[in-house]
There are 2 protein chains.
Amino acid sequence: MARITSIEIEDVRFPTSLTADGSDAMNKDGDYSAAYVVLRTDGVDASGAPLAGHGLTFTTGRGNDIVAAAARQQAQHLVGRDVAEIAADLGGTYRYLTSDAQMRWLGPEKGVVHLSLSAVMNAVWDLAGRLAGKPVWRLLADMTPEELVDIADLRYLSDALTRDEAIALLRAQEAGKAERIAHLEEVGYPCYTTSAGWLGYSDEKMRRLCEEAVAEGYQHIKLKCGLDLEHDIRRARIAREVIGPDRALMIDANQVWDVEEAIDWVNAMKDFDLLWIEEPTSPDDILGHAAVKRGVAPVGVATGEHCHNRVMFKQLFQADAIDFVQLDAGRLASMNEIVAVMLLAAKFGKPVCPHAGGVGLCEMVQHASMLDYVAISGSMEGRVTEFVDHLHEHFTDPVVVRDARYRLPSKPGYSTEMFPGSIADYRFPDGAYWRERHEDAARAAVAAGTAAATVAERLAD
Amino acid sequence: MARITSIEIEDVRFPTSLTADGSDAMNKDGDYSAAYVVLRTDGVDASGAPLAGHGLTFTTGRGNDIVAAAARQQAQHLVGRDVAEIAADLGGTYRYLTSDAQMRWLGPEKGVVHLSLSAVMNAVWDLAGRLAGKPVWRLLADMTPEELVDIADLRYLSDALTRDEAIALLRAQEAGKAERIAHLEEVGYPCYTTSAGWLGYSDEKMRRLCEEAVAEGYQHIKLKCGLDLEHDIRRARIAREVIGPDRALMIDANQVWDVEEAIDWVNAMKDFDLLWIEEPTSPDDILGHAAVKRGVAPVGVATGEHCHNRVMFKQLFQADAIDFVQLDAGRLASMNEIVAVMLLAAKFGKPVCPHAGGVGLCEMVQHASMLDYVAISGSMEGRVTEFVDHLHEHFTDPVVVRDARYRLPSKPGYSTEMFPGSIADYRFPDGAYWRERHEDAARAAVAAGTAAATVAERLAD
């Protein structure tokens with residue numbers, strides 16, 4: 001019998017702002033970061049190694065400490081709990097953590113306390129997978145329809161999807177599961193790359209990266225847009241020239257427009273046969289997205305990386321506001337909420353194309369996409385999962401992408417464990433990397449006889 | 001020339017859980033708390049006293065430290081800034097603080113980082129009022145339509161309300177301002193009480209409090225509901241019996257129902273001629289509220305205390321989902337966002353009836369309601385502002401309610417300054433009150449030869 005004996009919460013930040021990776025119209029100087037949760041136990045896994053759960057959520061730098069502080073308060077509730085009992089009632093564990101009235105006031109179910117809950121529950125899912133000796137997608141795919149619905153958070157959804165409908169929907173996919181798993185083992189799950197199109201890249205760099213993506217077999221290219229229409233048109237022209245007429249081109253505005261502005265801007269780019277416009281306006285604006293969808297058709301509308309919970313997704317479906325469901329594995333509160341959203345998407349016939357990139361998101365969403373194909377929607381048609389090729393080297397079970405496809409994860413857990421060395425280097429502010437930057441700043445200040453204002457300020461934040 | 005020289009952020013918690021004040025179907029053991037921000041300057045106000053701004057947001061206990069930590073990061077940006085420049089561009093100051101991309105990731109514009117931004121900007125508004133020697137409602141009411149629209153956050157609202165429409169709407173109210181101020185000075189602004197109807201109170205206590213409320217002149221009584229239908233019906237019968245047929249009775253479910261359940265429950269209480277059902281379901285469920293509104297008419301739908309920003313309010317109006325606009329002065333990011341919501345409400349013809357209670361919310365929303373009447377909607381018809389009579393003794397300029405009406409605030413600022421002694425007593429965990437509780441717990445543990453689990457755990461959280 002294993003118990004959770006202690007928790008470790010780490011604020012880990014990678015200095016991605018130094019290279020403009022991840023730049024877009026709304027986010028200009030982020031350091032990709034993870035609020036990282038480890039649940040230690042006194043048990044061992046099937047291989048005899050110490051059993052622990054590792055989970056994270058993704059942020060863009062400052063404020064990662066705030067999310068970590070919230071995760072610490074939430075994870076504390078799990079200390080002393082029996083691991084087998086938790087694993088046997090993952091729905092109950094989730095409901096226990098979400099029903100903390102005082103933390104609910106700070107959301108409810110949104111923002112910092114939901115990001116942090118995601119990190120904590122992601123660690124619980126990793127723990128459950130390791131205990132079962134299965135990757136998380138498989139742990140879920142092996143559940144009966146009833147068991148899977150029991151872990152899904154269906155609260156506030158019954159006007160769109162009842163428990164019975166959800167069970168019927170899952171039951172209809174039961175027969176083909178084994179075949180679909182075999183198919184995934186063979187061909188993997190399609191992905192697309194955002195790495196080519198960051199706003200901070202020069203035209204030349206973007207062209208070269210598009211060419212490389214095509215060479216690597218990608219069928220979809222996404223460009224950041226939204227600061228300057230001429231700039232966007234020039235880049236879209238270059239990209240379309242490189243990828244030809246048969247591959248898909250998408251654009252991503254990262255919330256910069258009001259509704260009418262979004263419609264006008266996207267329509268001004270109609271020549272480029274866009275598959276989707278992503279995050280055209282406020283992520284909270286369900287009715288606004290519906291208006292944009294009507295206004296820019298046949299260009300599709302994609303959103304979700306800032307869609308803060310299943311109730312918002314429910315309405316995006318009810319209002320016919322989106323074409324592509326970009327759920328985020330660090331913003332939704334773990335598989336408990338992701339499964340609910342994937343059930344809704346299946347009912348409304350919308351393809352789930354998860355948001356990824358950042359730190360560890362690719363590692364998590366591959367499990368969501370595989371599960372969706374195997375047990376929920378049963379289809380890969382029109383689906384494509386985001387992939388950004390950076391920071392995977394910090395994970396013990398990193399994603400494997402070959403021929404523009406995620407390969408089926410096979411190791412037990414959620415693929416969310418980071419190497420101890422990575423944490424030691426990038427823990428903020430006292431990891432080896434950041435200590436060196438502090439010392440650099442101090443030396444520079446002495447050398448220049450002045451405060452190295454920018455660096456020092458940033459480190460002091 | 002005054003500058004902001006330093007900030008102080010306090011985590012202040014009052015032990016309201018000991019008396020079941022504030023209990024409802026979702027929140028059972030909260031300690032009413034304030035994340036409190038002080039902006040110190042090197043200037044003096046008109047009376048020669050040191051000039052400072054005091055702001056807060058309200059939480060229900062645990063997690064108040066998380067909000068305070070976020071407020072500290074946001075307020076830090078104001079240190080060194082010129083007070084007169086800030087006061088001359090309150091819209092720009094707000095936009096500067098909301099455009100921090102890394103903090104936006106944690107929302108955007110919702111949850112912890114929005115609550116904390118509210119506390120910071122509330123302190124800025126208090127500072128601006130003191131600098132001008134005016135209460136905040138008056139500072140705003142004295143602005144021209146253009147100036148008032150400039151401080152309002154209209155981002156993402158243009159599909160519902162353009163800047164020109166907002167100016168026209170304000171201009172139409174210009175002529176009657178002086179007369180309406182005189183009327184407010186004479187009669188005040190109507191309020192209602194929630195103090196009678198907390199869920200944890202016995203029938204006898206509730207009856208007595210209803211009788212007292214009627215004796216004090218209240219025309220509205222609100223009961224918490226949602227845990228047990230028979231219990232709710234019994235309490236509604238008692239309340240209606242006490243208040244008679246001509247006063248208004250409202251119920252408040254604090255988000256416990258799914259959509260269909262809400263409709264059925266409220267319809268089962270139709271005999272009691274309810275004015276509104278408040279927070280029937282998830283505060284994020286705009287379309288759900290619209291369905292409830294259609295399903296329970298003529299009972300009205302009220303919501304807003306958890307409506308996290310102006311974009312959500314915009315959609316509640318666009319979807320015809322609410323009848324009463326219960327904006328919250330600690331959840332919306334200060335007057336910059338409140339004015340935007342009040343402009344939307346005026347355009348859509350919906351009465352603003354702010355949420356209050358907690359700590360300091362009454363002190364703030366009186367300014368919002370007075371401003372709405374004087375300059376924005378120009379009407380008191382069908383409006384009533386919440387009032388709960390507790391914790392006002394901690395404020396240097398507490399609300400004055402006479403004959404069930406808020407009296408017009410006259411002192412400079414936002415009425416949000418707390419006495420230093422209150423902060424010293426209730427600062428968590430090191431204020432005098434909480435230190436004593438720690439010592440009590442330690443003594444009890446020794447006396448009982450066992451850990452005083454509940455108290456100690458709570459204090460350790």
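Conventions we followed
- Residues numbered from 1 in each chain as written.
- Chains lettered and ligands numbered in written order.
- Predicted model: local features only at pLDDT ≥ 70, side-chain atom pairs only at ≥ 80, totals over all residues.
- Heavy atoms only, no water.
- UniProt positions renumbered as here; feature names shortened; annotations may be inferred.
- Pairing = 2+ DSSP bridges.
- Helix = DSSP H or I, 4+ residues; strand = E, 2+ residues; numbered from the N terminus.
- Axes fitted to C-alpha atoms, helices over the stretch in contact; angles between N-to-C directions.
- Contact = heavy atoms within 4.5 Å.
- Buried area = accessible area lost by both parts, 1.4 Å probe.
- Salt bridge = Lys/Arg side-chain N within 4 Å of Asp/Glu carboxyl O.
- Polar contact = N/O pair within 3.5 Å; in protein donor to acceptor, adjacent residues only side chain to side chain.
- Nonpolar A, V, L, I, M, F, W, Y, C, P; charged D, E, K, R; others polar.
- Buried < 20%, exposed > 50% of the residue type's maximum accessible area, 1.4 Å probe, protein only.
- Right-handed = clockwise from strand over helix to strand, strands pointing away.
- Phe/Tyr/Trp six-rings, centres within 6.5 Å; stacked < 30°, edge-to-face > 60°.
- Lys NZ or Arg CZ within 6 Å of the ring centre and 35° of its normal.
- Domains from an automatic or database assignment.

Per an unreviewed UniProt entry, chain A carries the name L-fuconate dehydratase and comes from Flavimobilis soli. Turning to chain A, the UniProt record has this under Catalytic activity (unreviewed entry): "L-fuconate = 2-dehydro-3-deoxy-L-fuconate + H2O". Note on chain A: under the UniProt heading Cofactor (unreviewed entry), the record states "Mg(2+)".

**Student:** Just give me the short version of the sheet that holds strand β1 (residues 4-13) of chain A, but keep the residues and values in it.
**Tutor:** Residues and elements named next belong to chain A. One open sheet accounts for three strands, arranged β1-β2-β3; its pairing is antiparallel. Of all strands in the sheet, those with a lone pairing partner are β1 and β3 (50-59), marking the two edges. Averaged over all adjacent pairs, the angle separating strand axes in this sheet is 15 degrees, with direction ignored. Both β1 and strand β2 (residues 33-44) contribute to a ladder of nine bridges, which runs antiparallel.

**Student:** Just give me the short version of the sheet that holds strand β2 (residues 33-44) of chain B, but keep the residues and values in it.
**Tutor:** All names here are of chain B. Pairing in this open sheet of three strands is antiparallel, and the strands run β1-β2-β3 from one edge to the other. Sheet topology places β1 (4-13) and β3 (50-59) at the edges, where each strand pairs with a single neighbour. Within this sheet the neighbouring strands show an average axis-to-axis angle of 15 degrees, counted without direction.

**Student:** Residues and numbers for the interface of chain A and chain B, please.
**Tutor:** On the chain B side, the residues contacting the 63 residues of chain A number 63 residues. The junction of chain A with chain B conceals about 5,200 Å² of combined surface from both sides, 53% of it contributed by carbon and sulfur atoms. Looking only at chain A, the three residues that lose the most surface to chain B are Arg 62, Gln 102 and Trp 105 of chain A, adding up to 18% of its buried area. Here chain A and chain B share six salt bridges between them. Between Asp 100 of chain A and Arg 62 of chain B there is a salt bridge; the shortest N-O distance is 2.6 Å. At the boundary of chain A with chain B, the tally comes to 34 residue pairs in polar contact (both at pLDDT 80 or more). Looking at the side of chain A that touches chain B, the elements with two or more residues in it are β3, α1 (64-76), α4 (101-104), α5 (112-132), α13 (286-296) and α14 (310-318) of chain A. It is α1 of chain A that contributes the most residues to the side of chain A that touches chain B, six residues altogether. Of the residues in the side of chain A that touches chain B, the class split is 26 nonpolar, 21 polar and 16 charged.

**Student:** Quick one: what's the story with the pairing of strand β8 (residues 300-303) of chain A, residue by residue and with numbers?
**Tutor:** Residue and element names in this part refer to chain A. The two faces of β8 match: Gly 300 and Ala 302 on one face and Val 301 and Thr 303 on the other face are all buried. Across three bridges, the pairing between strand β7 (residues 274-278) and β8 is parallel. Within the sheet, the bridge partner assigned to Glu 278 lies in β8 and is Ala 302. Remark: the β7/α13/β8 crossover connection has right-handed handedness. Where β8 lies against strand β9 (residues 324-325), two bridges are found, and the strand directions are parallel. From the neighbouring strand, Thr 303 faces β9, where its bridge partner is Val 325.

**Student:** For the packing of aromatic side chains, give the residues involved together with the corresponding values.
**Tutor:** Within the structure shown, the criterion is met by 24 aromatic pairs over all chains. Look at Phe 317 of chain B and Phe 348 of chain B: their rings are 5.5 Å apart centre to centre, the planes differ by 15 degrees, and that puts the pair in the stacked class. Linking Phe 317 of chain B in helix α14 (residues 310-318) with Phe 348 of chain B in helix α15 (residues 335-348), this pair joins segments that are 31 residues apart in sequence. Among the residues examined, Phe 317 of chain B registers a relative accessible area of 4% and is labelled buried. Through a chain of ring-to-ring contacts, three or more aromatic side chains come together here, namely Phe 14, Tyr 426, Phe 428, Tyr 433 and Trp 434 of chain A. The positively charged end of Arg 13 of chain B is found above the aromatic ring belonging to Phe 428 of chain B, 3.9 Å away from the centroid. Of note, Arg 81 of chain B hangs over the ring of Tyr 96 of chain B, and the distance from its end group to the ring centre comes to 5.4 Å.

**Student:** If you had to explain the domain arrangement of chain A to someone new, which residues and values would you point to?
**Tutor:** Residues and elements named next belong to chain A. Looking at the assigned domains, one finds that chain A contains domain 1 (4-135) and domain 2 (163-406). The gap between the C-alpha centroids of domain 1 and domain 2 is 24 Å. At the junction of the two partners, domain 1 supplies 31 residues and domain 2 supplies 34 residues. A buried area of about 2,500 Å², summed over both sides, lies between domain 1 and domain 2, and 65% of it is on carbon and sulfur atoms. Across the domain 1-domain 2 interface, the total number found is one salt bridge.

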